[in-house]
Amino acid sequence: GALDLFREAPADILLFLGFDPDEDATAFDLIPLPDLELVLVATPDHPLATGQVSEVTRAAHAELVVRDSSARFARQAKGSFMGSRNVMYLSDFHAKRVALLEGAGYGWVPRHLVETDLTQGRLVVLDAALSRWSYQPQIGTRAGHPPGRAAQLFIQTLVDAVTP
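Residues numbered from 1 in each chain as written. Predicted model: local features only at pLDDT ≥ 70, side-chain atom pairs only at ≥ 80, totals over all residues. Heavy atoms only, no water.

Overview of the environment of His 145
Inference 1: For His 145, the location among the structural elements is in the loop between strand 9 (138–142) and helix 5 (149–162).
Inference 2: On the accessibility criterion, His 145 (56% relative accessible area) is exposed.
Inference 3: Considered as a pair, His 145 and Asp 12 are 133 residues apart in the sequence and their alpha carbons are 8.7 Å apart.
Inference 4: Within polar-contact distance, the side chain of His 145 engages the backbone oxygen of Ala 143 at 3.2 Å. (Helix = DSSP H or I, 4+ residues; strand = E, 2+ residues; numbered from the N terminus. Buried < 20%, exposed > 50% of the residue type's maximum accessible area, 1.4 Å probe, protein only. Polar contact = N/O pair within 3.5 Å; in protein donor to acceptor, adjacent residues only side chain to side chain.)

Written as structure tokens, this is what we have:
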């Protein structure tokens, strides 16, 4: 929903995961950030953690999904990444991590948020045809409207913080 809100609000900076194929990126000046890896995880005792995950095996289990904040999905939620019908929507990735740790289901989560949980065995990456996915996040500003000094400082601080 960040892109929708940015178009409607007087914001100067947009941070988002990427454009949909149908979106027009020419209205923005873009600064790419390092890839954001997501992993498909569950607790080690979750039924999906014991074997190969397929569409059939995951159908009986809840996929945990962060709700898209766009007004377009206020009435009808955006579908899950894997097309699951058994979906539990959460407000953010921190809530999703807690639900995953409690065994409420399985789901995609940014690797950096669960790295310690993976290392300590509280979560495991599921054995699925697709268990890792990367987004190419970007910082956007309005094309032809360079950000002010404070926004430039914020952008540079963010870039410095996430660039290896």
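Examining the nonpolar core
Inference 1: Core analysis: the largest hydrophobic core is formed by 10 residues, namely Val 39, Val 41, Leu 64, Leu 90, Ala 99, Leu 100, Val 109, Val 114, Leu 118 and Leu 123.
Inference 2: Those elements that provide at least two residues to this core are strand 3 (36–42), helix 3 (93–101) and helix 4 (111–119).
Inference 3: Beyond its immediate stretch of four places on either side in the chain, Val 41 contacts Leu 100, Tyr 106, Gly 107, Val 109, Leu 118, Leu 123, Val 124, Val 125 and Leu 126. (Core = buried A, V, L, I, M, F, W, Y, C linked by side-chain atoms within 4.5 Å. Contact = heavy atoms within 4.5 Å.)

What about the sheet that holds strand 1 (residues 14–16)?
Inference 1: Ordered in space as 1-9-2, the 3 strands form an open sheet in which the pairing is antiparallel. Where the open sheet ends on each side, the last strands, each with one partner, are strand 1 and strand 2 (28–32). Neighbour to neighbour, the strand axes of the sheet diverge by 25° on average, direction disregarded.
Inference 2: Taken together, the 5 bridges between strand 2 and strand 9 define a ladder with antiparallel strand orientation. Across the sheet, the residue bridging to Leu 30 is Gly 140, located in strand 9.
Inference 3: Contacts from helix 5 reach strand 1, strand 2 and strand 9 within the one sheet, and its direction differs from that of strand 9 by about 165°. (Pairing = 2+ DSSP bridges. Axes fitted to C-alpha atoms, helices over the stretch in contact; angles between N-to-C directions.)

Function cannot be read off these values alone, since they describe shape.
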